[in-house]
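# Topology and contacts: notes
Spelled out, the chains give:
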Amino acid sequence: MQGKGLQDTGKMDMPLPKQEHLLALKVMRLTKPTLFTNVPVTCEDRDLPGDLFDHLLKEDPSTVKGAELLNLGEMLTLPQNFGNIFLGETFSSYISVHNDSSQVVKDIVVKADLQTSSQRLNLSASNAAVSDLKPDCCIDDVIHHEVKEIGTHILVCAVSYTTQTGEKMYFRKFFKFQVLKPLDVKTKFYNAETDEVFLEAQIQNITTSPMFMEKVSLEPSIMYSVTELNAVNKGDEGISTFGKMTYLQPMDTRQYLYSLKPKPEFAEKAGVIKGVTVIGKLDIVWKTNLGERGRLQTSQLQRMAPGYGDVRLSLEAIPDTVNLEEPFDITCKITNCSERTMDLVLEMCNTNSIHWCGVSGRQLGKLSPSSSLHLSLKLLTSVQGLQSVSGLRLTDTFLKRTYEYDDIAHVCVVSSHLKPES
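Report follows, based on the coordinates. (Residues numbered from 1 in each chain as written. Predicted model: local features only at pLDDT ≥ 70, side-chain atom pairs only at ≥ 80, totals over all residues. Heavy atoms only, no water.)

### Quick word on the pattern of salt bridges
Enumeration according to the criterion identifies 12 salt bridges in this entry. One salt bridge connects lysine 215 with aspartate 283, and the closest N-O pair in it is separated by 3.1 Å. Placement of lysine 215 in strand S15 (residues 211–220) and of aspartate 283 in strand S21 (residues 276–288) is noted, with a sequence separation of 68 residues between them. The partly exposed category is assigned to lysine 215, whose relative accessible area is 38%. With a relative accessible area of 0%, aspartate 283 lands in the buried category. Between lysine 378 and aspartate 329 there is a salt bridge whose closest N-O contact spans 2.8 Å. Of the two residues, lysine 378 sits in strand S30 (residues 372–381) while aspartate 329 sits in strand S26 (residues 328–336), which places them 49 residues apart along the sequence. Since its relative accessible area comes to 47%, aspartate 329 is described here as partly exposed. The network of salt bridges with common partners includes Asp310, Arg340, Asp396 and Arg401. (Salt bridge = Lys/Arg side-chain N within 4 Å of Asp/Glu carboxyl O. Helix = DSSP H or I, 4+ residues; strand = E, 2+ residues; numbered from the N terminus. Buried < 20%, exposed > 50% of the residue type's maximum accessible area, 1.4 Å probe, protein only.)

### With respect to the sheet that holds strand S28 (residues 354–357)
With antiparallel pairing, the four strands of this open sheet are ordered in space as S24-S26-S30-S28. The sheet terminates laterally at strand S24 (311–317) and S28, the two strands that pair on one side only. Strand-to-strand, the axes of this sheet are offset by a mean angle of 40 degrees, without reference to chain direction. The pairing of S26 with S30 spans eight bridges and is classified as antiparallel. The residue of S30 that forms the bridge with threonine 335 is serine 372. (Pairing = 2+ DSSP bridges. Axes fitted to C-alpha atoms, helices over the stretch in contact; angles between N-to-C directions.)

This is the structure:
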């Protein structure tokens, strides 16, 4: 049963005019009903009432037959008050103009505007005049508006008409209501060693009723491609990390995780991006009660790009596990993040556990601004366990400036008798 209840928004009339109007204006909010709830009263058989309460529950038309002790009944309840309006929901209202007089009224125009803190919107389906309205007849209209602002909203309904004597009449009514925020959204960014960015979105239900989270997705900017990390792949289908029931109870919080990678055409410039960058925006769709749908889109999410200095050194390839005292290869990427050309020299300094193979003081040549080069290096370790790759130095011969790179990555070193996992 999908009924709708009508509820008057309250007494918001203007001061009474000097002359009584021939037409009456009624404005009611259209909302879905709620499931009727009752509190079953029962007792044990040996108590004084005996089975009296059980008989009364079975005769109660609001209870479910065969499940009389269930709190929810089979009936629906029409709204008893104006209720709450939340950001992202659709506000619907019924407007009726009735001719209370005994004469025919001509040229009736009904106009409905919604005044927010920033704009005034016309919600009327048509502003054309109705030629005449006979006694005891009415003009009906239903307006809809997707609420996109929080705060005070004022529905302004204006009626103009002409009497039989040719006198032009006009009156207005104001209906004021508040739009509340349904969700509290917080975001955090995590920068990986590569150009990958992780976004954590914390979404909290700050309403008083549960929500069915139909969709929470990230629409990336043109620079990035996104991968959702909110499901576990089993076979050909993904199972949500939140389970089958995607309900969010009042005041509950849920975390969503997304991985963003620069698109190939932007990947080369990803290392030299500075300042604030646009990541994208969240698109959240939910349903409440009997299927009322709400949708909320955040503004463009921005993050401050990490500072890499004049020269950025990042690892493109490195094994997870290596054998003790056996050489292995790594691939480095060197990016010139400055606005000048550099002439670079690579120095490799050994540590207590890391020993570089090759000639230190190697000339890398000139590197123009925003460009990069790939470098393959060989090294070995003399200590077992989780070891830090350190000891690389880059010197710009133009400015005689040296850049140090330690703790570039970590590698697990095992005995040569154990075969490392691929």
